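Remarks on the overall topology
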Amino acid sequence: MTKNFVQELQWRGMVHDVMPGAEEHLMEGMRAAYVGIDPTADSLHIGHLVSVMMLRHFQLAGHKPYALVGGATGMIGDPSGKSAERNLLDEATLRHNQEAIKGQLARFLDFESKAPNSAVLVNNYDWMKDFSFLGFIRDVGKHITVNYMMAKDSVKKRLSSDAKEGMSFTEFTYQLVQGYDFLYLFQNHDCTLQMGGSDQWGNITTGTELIRRIGGGKGFALTCPLITKADGTKFGKTEGGNVWLDAERTSPYKFYQYWLNTSDEDAEKYIKIFTFLDQKEIEDLVTAHTEAPHLRTLQKKLAEEITTMVHSKEELENAIKASDILFGKSTSEDLKKLNEKTFLDVFEGVPQAQISKSELEPGLDMIGALAAKTNFLGSNGEARRELKQKSISVNKEKVDEEYVITQDDLINNKFVLLQRGKKNYFVLVVE
């Protein structure tokens, strides 16, 4: 049973442009569609997620999704939305990146089942690598005029007087290579739909043109809006750069925090795009959020759903525990469960002081820990006063002047967390 894929995307706000006839074409039976993914890194980032979600919805609607890793196009660089050329990759790096990306996609798409609509990963390097230059310009290039290529927005922008750099011939031919991908998948895999971000419309329609002129068939295009943030800052970026799906690049804690810190306006939009909750569930969440926005119901649900999907339920629980350490009632046991990366992420920007392991062996008295050795507090006198007032904690446990810090207090064999009052933290790094 084929569900209405286009309708599903429309209520979620995930359709920017769709070629006439596409919806009817998809309702006739199981179809195949693809999305191109740039393999310039060995991880996807959240900017890729919209097109991955589109493929997942496509599979859930009973259709067959193809994820195309652009090994060949990754060697060139897509001019869309770029102001300069990108670095070109070698084959070994591309293959490594492809495998890593497939592992991440497998959290969303079913590659393994024997179902007729199981997902397929393809790499355009496999069919482009044996194409000679003369063969390509003869068999593909002659079917598309320069006038047609020049009319595309992605080309116009790069050739405008505002552009800092011109456009190389390599980049100019990008739309032909991407167009040929669509033709190849149409001819070899009966793939009739290409999807992508709205900036890809020009490249996708070059593909439908090649299918018409060379393949004698009909291809369709569907694009989603480019994701924006209400405050005008770039979606998927933090001060530290991209928000990656790979836990080594962006820890599950930081990933969770990114979604948790979404504005109300954005959370209402993102929960439709980045979760599989149905319309009724989302409407109920929006209502609950509107009645009590301070509870951040939408942000919490969004962060929970997407962290579980990208990482796991267990990583979500760890991220919530880590978040509670700063704002909730946590114990030294909770702290000691954090791995080093998460600990450093949680206490990013908190002042630190280093002491050697040898200084800890005899035990470090509290006055030394707070003042003499660290300058966390201004003087020994201030340290004594705060200790008497019971406002000092070591690893979230209140201590007095008699307390001595030893190796038993180390978190990850390396850190001790000092705290004055509720919000003043200090990290002792023992090397």
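Residues numbered from 1 in each chain as written. Predicted model: local features only at pLDDT ≥ 70, side-chain atom pairs only at ≥ 80, totals over all residues. Heavy atoms only, no water.

**Quick look at the nonpolar core**
The nonpolar side chains of a soluble globular protein tend to be buried with one another. By size, the foremost hydrophobic cluster in this structure holds 87 residues, and its most contacted members are F5, I46, L105, F108, M195, W259 and F274. Taken together, domain 1 (3-222) and domain 2 (235-327) each give at least three residues to this core, which thus spans both. Discounting residues that sit within four places of it in the chain, F5 has contacts with L26, M54, H57, F58, A61, H63, M195 and L222. Counting 23 residues, the second-largest nonpolar core is a separate cluster that includes M366, L377, L418 and L428. (Core = buried A, V, L, I, M, F, W, Y, C linked by side-chain atoms within 4.5 Å. Buried < 20%, exposed > 50% of the residue type's maximum accessible area, 1.4 Å probe, protein only. Domains from an automatic or database assignment. Contact = heavy atoms within 4.5 Å.)

**Considerations on the UniProt feature "binding site: L-tyrosine" (unreviewed entry) in the protein**
If you check UniProt for "binding site: L-tyrosine" (unreviewed entry), the listed places come out as Y34, Y174 and Q178 in our numbering. Structurally, Y174 can be placed in helix α10 (residues 174-189). Residue classification places Y174 among the buried positions, given a relative accessible area of 9%. Tracing the chain through its elements places Q178 in helix α10. Residue Q178 is classed as buried on the basis of its relative accessible area of 6%. Q178 has contacts with Y34, Q194, Q200, N203 and I204, leaving out every residue within four places of it along the chain. (UniProt positions renumbered as here; feature names shortened; annotations may be inferred. Helix = DSSP H or I, 4+ residues; strand = E, 2+ residues; numbered from the N terminus.)

**As for the pattern of salt bridges**
Applying the stated criterion to the full structure yields 16 salt bridges. A salt bridge links R12 to E8; its shortest N-O distance comes to 2.8 Å. With a shortest N-O distance of 2.7 Å, D284 and K280 are connected by a salt bridge. Residue D284 and its partner K280 are both found in helix α14 (residues 279-291); the two are separated by four residues, about one turn of the helix. (Salt bridge = Lys/Arg side-chain N within 4 Å of Asp/Glu carboxyl O.)

**Here's the deal with the sheet that holds strand β9 (residues 352-355)**
The strand order across the open sheet formed by five strands is β9-β15-β14-β11-β12, and the pairing between neighbours is mixed. Sheet topology places β9 and β12 (397-398) at the edges, where each strand pairs with a single neighbour. Bridging between strand β11 (residues 392-394) and β12 involves two bridges; their strand directions are antiparallel. Residue S393 lies in a different strand from β12, and its bridge partner there is K398. (Pairing = 2+ DSSP bridges.)

**Brief notes about the layout of surface pockets**
By volume, the second largest pocket is sized at about 710 Å³. Y253, K254, Q257, Y258 and N261 are the residues nearest the centre of the second largest pocket, which is lined by 30 residues in total. With six residues, the single largest contributor to the lining of the second largest pocket is helix α12 (residues 252-260). Grouping the constituent residues of the lining of the second largest pocket by class yields 11 nonpolar, nine polar and 10 charged. (1 Å grid on protein atoms, 1.4 Å probe; cavity = no way out; pocket = protein on both sides within 12 Å on 5 of 7 lines; lining within 4 Å. Points joined across faces, edges and corners; volume = space filled by probe spheres on them. Nonpolar A, V, L, I, M, F, W, Y, C, P; charged D, E, K, R; others polar.)

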